[in-house]
Amino acid sequence: MVTVDKLKKAVKGDIEVLTEEQGLSIIRINNKKLLKKLAWQLKGEFDILYSLTVVDYSPSFELNYVFSNYSNADLFIIKVNIDEKDFSVDSLVDIFNSANWEEREAYDLFGIKFNGHPDLRRILLPEDWPGHPLRKDFKVDDEVRNWTGLDLKF
Amino acid sequence: MEESNEFSYPGLYEVVFMKAEKFINTVLNWGRSNSLWPLTFGTSCCAIEMMTFGATKVDADRLGVLFNGDSPRQSDLILVSGTITKKMARRLLNVYEQMPDPKYVIAVGACNVSGGLYHDSYNTIEGIDRIMPVDVFIPGCPPRPEEFLDAVRVLQKLIKENRSKAQKNGNS
């Protein structure tokens, strides 16, 4: 709760508090450029980026950044909305190291670009895969069904 | 020159050679079928049942299935247990191609028979018989450890009767 007050002061009250209780805080920011600034503020209290999930509310996407720490297992969740005009958001790799693979996974399955990521490649699917399969508009068509990749035929 | 349709009896040496070859094959098949060293290729939940197959209660050692390290170069049998995705298929073949001949394959679980739960998915292959010759299929999701024993007995019978895929393809 101290953290939320501190964040409000840092970004001049431009955040929306959804939940605020002992051990769990959820906030939403509308301007995605604030994300990196907030992450810098969180760095003192929270050790790791616990997970990064993406929800497809077509046409916009919602990113949930879950931060946690080792001492008392508090959770801090930041929700960021990105719209169809620009599928990109700032990378947090230089602040939280665990963001590296989480962001690669989000890029792999949803096609979200992370600006400033050092190594933005696919992590689960093969390199030359067509499309991003967890999006709502992804169709399993014949191109995907017959895709075998590399030199393999089956 | 006319072709003759007359039947000619084999000579003494040919008969001796054929008898000896048959005897040697019988002995070889007996030996191979009773010392199947498996390579465990577990990618998901069927691998849990495969561990039970090697453990005390369902003892695999009494059939000669000895879990002896995990090197493809010393294995006769590969137990493919778990879903094989399209990215994993190339890796599975890399392991399979390192095994010495003759090699036998047991496909464990519904995913390896037909795709199972992930049938018509975007990233799984529907049955590993599309990429490699399979001797015995074990259905079930996942199968019980006793069915592994049954599959090994079936494979031993196939080897003794010269009917496994490796022997049919002339790789024995």
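Thresholds, definitions, all that
- Residues numbered from 1 in each chain as written.
- Chains lettered and ligands numbered in written order.
- Predicted model: local features only at pLDDT ≥ 70, side-chain atom pairs only at ≥ 80, totals over all residues.
- Helix = DSSP H or I, 4+ residues; strand = E, 2+ residues; numbered from the N terminus.
- Buried ≥ 20, exposed ≤ 12 C-beta atoms within 10 Å, placed from the backbone.
- Contact = placed C-beta atoms within 7 Å.
- Core = buried A, V, L, I, M, F, W, Y, C linked by C-beta atoms within 7 Å.
- Pairing = 2+ DSSP bridges.
- Axes fitted to C-alpha atoms, helices over the stretch in contact; angles between N-to-C directions.
- Nonpolar A, V, L, I, M, F, W, Y, C, P; charged D, E, K, R; others polar.
- Expected span 1.5 Å × (residues − 1).
- Arc of directions from axis to C-beta.

Structural notes on the overall build of chain A
Part 1 of the reasoning: A count of helical and extended segments in chain A gives four helices and seven strands.
Part 2 of the reasoning: The N-to-C order of helical and strand elements in chain A reads α-β-β-α-β-β-β-β-α-β-α.
Part 3 of the reasoning: In terms of its C-alpha atoms, chain A occupies a principal-axis envelope of roughly 60 × 30 × 25 Å.
Part 4 of the reasoning: Of all 154 residues assigned to chain A, the portion counted as buried reaches 18%.
Part 5 of the reasoning: A separation of at least 24 residues holds for 46% of the contacts in chain A among residues at least 6 apart in sequence.

Digging into the nonpolar core
Part 1 of the reasoning: Within the largest apolar cluster, 30 residues are counted, with the highest numbers of intra-cluster contacts made by Leu 79, Val 80, Ile 106, Ala 107, Val 108, Ile 138 and Leu 155 of chain B.
Part 2 of the reasoning: Of all the elements in the fold, those that place two or more residues in this core are β1 (38-42), α2 (46-54), β2 (77-81), β3 (104-108), β4 (136-138) and α5 (145-160) of chain B.
Part 3 of the reasoning: No other element matches α5 of chain B, which puts six residues into this core.
Part 4 of the reasoning: Once residues lying within four places of it in the same chain are set aside, the contact partners of Leu 155 of chain B are Tyr 104, Ile 106, Asp 135 and Val 136 of chain B.
Part 5 of the reasoning: If you look at the next biggest cluster of nonpolar residues, it comprises 24 residues, including Val 89, Val 93, Ala 99 and Ala 106 of chain A.

Quick notes on the environment of Ile 138 of chain B
All names here are of chain B.
Part 1 of the reasoning: In this fold, Ile 138 is placed in strand β4.
Part 2 of the reasoning: Residue class for Ile 138 comes out buried when judged on the 23 C-beta atoms lying within 10 Å of it.
Part 3 of the reasoning: Measuring from C-alpha to C-alpha, the distance between Ile 138 and Arg 62 comes to 20 Å, with 76 residues separating the pair along the chain.
Part 4 of the reasoning: Setting aside chain neighbours within four positions, we find Ile 138 in contact with Ile 106, Ala 107, Val 108, Gly 109, Pro 143, Glu 147, Phe 148 and Ala 151.

Quick word on the sheet that holds β2 of chain B
Residue and element names in this part refer to chain B.
Part 1 of the reasoning: Spatial ordering of the open sheet is given by β1-β2-β3-β4, a layout of four strands whose pairing is parallel. Each end of this open sheet is capped by a strand with a single partner; those strands are β1 and β4. Mean inter-strand twist for the sheet, computed between neighbouring axes without regard to direction, equals 15°.
Part 2 of the reasoning: Here β3 runs beside β4; their pairing, made up of three bridges, is parallel. When the bridges of β4 are listed, Val 108 appears paired with Ile 138.

Quick word on the pairing of strand β1 (residues 16-21) of chain A
All names here are of chain A.
Part 1 of the reasoning: For β1, a buried count of zero out of six residues is recorded, marking the element as mostly open to its surroundings.
Part 2 of the reasoning: Where β1 meets strand β2 (residues 24-29), five bridges bridge the pair, whose relative direction is antiparallel. Of the residues in β2, the one forming a bridge with Glu 20 is Ser 25.
Part 3 of the reasoning: Hairpin connection of β1 to β2: two residues between the antiparallel strands, including Gly 23 at a positive phi of 85°.

What to know about the interface of chain B and chain A
Part 1 of the reasoning: At the interface, nine residues of chain B touch 11 residues of chain A.
Part 2 of the reasoning: Residue composition of the side of chain B that touches chain A, grouped by class: four nonpolar, one polar and four charged.

Focus: helix α3 (residues 99-110) of chain A
All names here are of chain A.
Part 1 of the reasoning: An ideal rise of 1.5 Å per residue puts 16 Å on 12 residues; α3 measures up with 16 Å between its terminal C-alpha atoms.
Part 2 of the reasoning: For α3, every residue scored as buried is listed here: Ala 99, Glu 102, Glu 103, Ala 106 and Tyr 107. Angular distribution of buried residues about the axis of α3 spans 135°; they occupy a single face of the element.
Part 3 of the reasoning: Considering only its buried residues, α3 is in contact with β3 (48-57) and β7 (113-115).

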